[in-house]
Amino acid sequence: MVKVKVLHFRSSSLVESESFKKICTFLKKNPKNIKYVIIISALYHITDDLIKCGKLASKKNKDYKKILKLIEYKHINIINELFNLKNKSCIISNLKKNINKLENICDGIFKVEKLSIFSLENLISFGVLNSSYLIAEKIKEFDLKVKFKDSRKLILTDYEYGCSKIDLKKSYYNLIKFFKKEKSQYIIFPGIIAFSSEITPLERGGADYIAGIVASSLKADLLEICTNVNGIMTANPKLVSQAYTIRNISYEEAMELSHFGAKIISPTTIQPVIEKNITIKIKSLFEKKKKETYIERINVFKTKPVTGIYGIKQISLITLEGSGIVGITGFSKRLLKKLSEEKINVIFIPQSSSEYSIAVGIHEKDFLKAKLVIDNEFYIEISNKKIKPISIERDFCIIALVGEQMKNMHGTSVKLFSALGKNRINIRAIAQGYTEKNISVVINKTDFKKAINILHEEFFEKKNKQINLFLIGLGKVGSNLLDQIYKQKNYLKKELKLKLRVIGLANSKKMIFKKDGIDIKKYKYYLDKMSYEMDLKKFMEIMYEINFRNSLFVDNTANIKIAMIYENFLKKGIGVITCNKIACSSTYDYYKKLKELSINFNAPFLFETNVGASLPVISTLNDLINSGDKIYKIEAVLSGSLNFIFNKFLEKQTFVEVVKEAQNSGYTEPDPRLDLSGIDVMRKILILARECGSNLELENIYKKNFLPEECFNSTSIDHFYNLLKKYNNYFNEIREKTVKKGNKLRFIAKYENGNAYVGLQSIKVDHPFFNLEGKDNMVLYNTQRYSEQPLIIKGAGAGAEVTASGVLSDIIKASKY
């Protein structure tokens, strides 16, 4: 028995002469025992060009003549590349005749200044008639038995201008009758056209529908649609770069996805083939790898609940509510019937347990029309105040999860709501199809792309979670952080299934953004050549506009202005990672507010590096408290820079020499006065006290100064160093007293009984702080559980590299939120 295969080559697969050659080569290689019915669309973009010609002509714009010339040139160019001299002249002659007809139609439109539906349909028909004719002529050159058949004589319509509906009964009869007599192996049909008393193109996508009707009438073994994409994807690849081809999908799933924005296939194409159980194959003509989708009746159990995620961006919600709705039979029917009569498509009906209101989702372009229709239909009820005036909410979008197995697998809805909630996306309305093959949510349209990527990652991308970073501060800590992210990227992908992408970067002068990620090795080049002037407000605005899922703001500065905008990020659900101590050591109210925002908006706020660089000082303290331990006392050396300075100072160098060495080594802040004033240590012990539950303010901390008062009044860093030289004898005296006693100098912070203290102390040999070397920090936690011996945390507490590693550690922790 001869098998029948119906092929449709869409416009997107007919780009150039090479496309025609590929089609012919493809057909020649196929088995001889198969009959091929081939539906051909117009050349790529030709239909759009023809419509544009008609519109320009109707506006008395002679530019339509230029477009006609381009259309003619494109076709002639393909003919010249495609055919030999023997056939070329005859084919070009045929094209010229059709071009003349086109010119006559456009000239007529130009004269009457009106583009009628009839004229438009005649214009559009040119594209498919010519492309299908070219394919038929090219196949003949391959010595294949081919028949070009005008589909207008077989597929008939109930014709109304601009709204052609195929008469299926008559069309099936004509097709069956024709194919019983026709013995050619290859039969070419022009697409998008049907015939009644006039030429009648169907709506866009109509050629797929024709292919479905032909396949159904012939009980074909396969309907194959060739295009420029790799079948149906798990999501729109223009929105989700990680989307991939769905290999097998049911008829019902395909129709659901189509309804919610998957334009690759139309439900009308699927309907004719379902009864005959004909498989639809969608593939790219240009893709060498076999990435294709089969739409068929699937009985095999799928392991994943969700097959695809799609959405519609421009949605309005219309709501009617009032006591006059309660208990009234047929109210919903009346509303939906009126919208249907006015050809307003209802996309979505949210679920509600209340009789007090009814809501529907429609295309945003229809909202004014819908308002007029509903206001008129329910005028009496609104006038009598039985129902409230119609409420219209705009700027929404709808996103749908589609999958056969959602009804059989638990937790899909929970994952959907949790994933969106974690990323601060508010759901306005919810619906689930009666077949339980889809769950739909309405959200703000500004979150459209972000939400689809979040859900795609949740349901399809279990290998790597993508974290999008926006960093400010590219000094020693910032540059080290970027270097560590680059060096660790392979490990993070392999072991933690984590992909870190830097989307935004800024220093004090410039900023740069790249939505597909900044190449870390080239960030200096980008800042130099492709950056904007740094503007903190603009930086925030661009972040919000990009609106990526799993976004983190990373502050590597000591800037007070930046510290004061953390709340804006947290309110947007954007996590904040910071080594900047200013926010957590500013007013207690602001500290508390940031902590509460982090909880309320489920946005991580991590600042481990505020105390002890990469040492687990804060996390250990939190673990102790969260597990029920009570903190009695904290003693700590919290300044790696001061510890370095006082250790070096005991080695006979002058005090000013040691301070300069610490600054040059990157152990102090750029302005060493901040370290030597003790303010940095005060901020650190304040943060630890607050993490213990204290509401201390910075001014409540007692500080014992070791610098002469004049040093605090220095006007510059150079002036400060000059003053240190001036008081050289004073510092030498402190050293001599300490060495004489066999002690060591340590700048200590203490928190006990709700009070905090910082100051320089002479430490005896039996104290844990005595042997603290170099730039190390040490923290002693005396607690209810660690009462006899304190819990000790010790290690490097200063330096750009260790601080950067602490920031990276917080980024990794935040990724698990």
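Presented here is an overview of the structure given in this document.

Broken down by element type, the chain carries 29 helices and 31 strands. What you see for the chain is a C-alpha radius of gyration of 37 Å, clearly larger than the 28 Å of a compact globule of 817 residues, by over 25%. The principal-axis extent of the C-alpha atoms belonging to the chain is close to 115 × 75 × 55 Å. Looking at the chain residue by residue over its 817 residues, the buried ones come to 54%. Counting contacts in the chain only where the partners sit at least 6 residues apart, residues at least 24 apart contribute 72% of the total. Side chains of the chain give 131 positive and 87 negative charges; the mean places of these two sets differ by 6 Å.

Moving on to helix H1 (residues 17–29). Along its 13 residues, H1 runs 19 Å from first to last C-alpha, staying within 8% of the 18 Å computed at 1.5 Å per residue. What H1 keeps buried is the set Ser17, Ser19, Phe20, Ile23, Cys24 and Leu27. Buried residues of H1, seen end-on, are gathered within an arc of 160° and therefore sit on one face of the element. Where H1 is buried, its residues meet strand S1 (3–9), strand S2 (34–40), helix H3 (63–82), helix H5 (117–140) and strand S6 (186–190).

With respect to the helices and strands, Ser332 occurs in helix H10 (residues 331–341). Sequence separation between Ser332 and Ile358 is 26 residues, and the spatial gap between their C-alpha atoms is 7.3 Å.

So, about the sheet that holds strand S16 (residues 391–402). Spatially, the 6 strands line up as an open sheet ordered S14-S15-S13-S16-S18-S17, and their pairing is antiparallel. What marks the edges here is a single partner per strand, and that holds for strand S14 (346–348) and strand S17 (427–432). For this sheet, the mean inter-axis angle between neighbouring strands, taken without regard to orientation, is 40°. Direction of pairing for S14 relative to strand S15 (residues 357–363): antiparallel, over a ladder of 2 bridges. Counted as the bridge partner of Phe348 is Gly361 from S15. Of the strands in this sheet, strand S13 (308–321), S15 and S16 are in contact with helix H11 (residues 367–377), which crosses S13 at around 30°. Where helix H13 (residues 412–422) meets the sheet, its contacts fall on S16, S17 and strand S18 (438–444), and the angle it forms with S18 comes to roughly 15°.

Moving on, we come to the pairing of S2. S2 sits mainly inside the fold: 7 of its 7 residues count as buried. Neither face of S2 is exposed, since Ile34, Tyr36, Ile38 and Ile40 on one face and Lys35, Val37 and Ile39 on the opposite face are all buried. In terms of strand pairing, S1 meets S2 through 7 bridges, oriented parallel. Of the residues in S2, the one forming a bridge with Lys3 is Ile34. Taken together, S1, H1 and S2 constitute a β-α-β crossover, and its handedness is right-handed. Direction of pairing for S2 relative to S6: parallel, over a ladder of 5 bridges. Bridge pairing links Ile40 to Pro190 in S6.

Even without a glycine there, the phi angle at His45 is positive, about 75°. On the accessibility criterion, His45 (42% relative accessible area) is partly exposed. Unusually for a residue other than glycine, Glu113 sits at a positive phi of about 55°. Structurally, the position occupied by Glu113 is in the loop between helix H4 (85–112) and H5.

To continue, consider the packing of helix H22 (residues 640–649) against helix H23 (residues 655–664). Taken N-terminus to C-terminus, the directions of H22 and H23 make an angle of 140°; their axes are 9 Å apart at the nearest point. Taken as axis vectors, H22 and H23 run oblique relative to one another. Considering only the axes of H22 and H23, their crossing is right-handed. Contacts between H22 and H23 involve Phe644, Ile645, Phe646, Lys648 and Phe649 from the first element and Phe655, Val658, Val659, Glu661 and Ala662 from the second.

In spatial order, the strands read S22-S21-S20-S19-S23-S24-S25; together these 7 strands make up an open sheet with mixed pairing. Two strands bound the open sheet, and with one partner strand each, they are strand S22 (532–533) and strand S25 (605–606). One ladder, built from 2 bridges, connects strand S21 (residues 510–513) with S22; its direction is antiparallel. For Met511, the partnering residue across the bridge sits in S22 and is Tyr532.

The rules behind the values
- Residues numbered from 1 in each chain as written.
- Predicted model: local features only at pLDDT ≥ 70, side-chain atom pairs only at ≥ 80, totals over all residues.
- Heavy atoms only, no water.
- Helix = DSSP H or I, 4+ residues; strand = E, 2+ residues; numbered from the N terminus.
- Rg over C-alpha atoms; globule rule 2.2 N^0.38 Å.
- Buried < 20%, exposed > 50% of the residue type's maximum accessible area, 1.4 Å probe, protein only.
- Contact = heavy atoms within 4.5 Å.
- Lys, Arg positive; Asp, Glu negative; His and termini not counted.
- Charge placed at Lys NZ, Arg CZ, Asp CG, Glu CD.
- Expected span 1.5 Å × (residues − 1).
- Arc of directions from axis to C-beta.
- Pairing = 2+ DSSP bridges.
- Axes fitted to C-alpha atoms, helices over the stretch in contact; angles between N-to-C directions.
- Right-handed = clockwise from strand over helix to strand, strands pointing away.
- Parallel < 35°, antiparallel > 145°, perpendicular 65-115°, else oblique.
- Left-handed = near helix turned anticlockwise from the far one by under 90°.

From the geometry alone we can't say anything about function, so treat these as descriptive.
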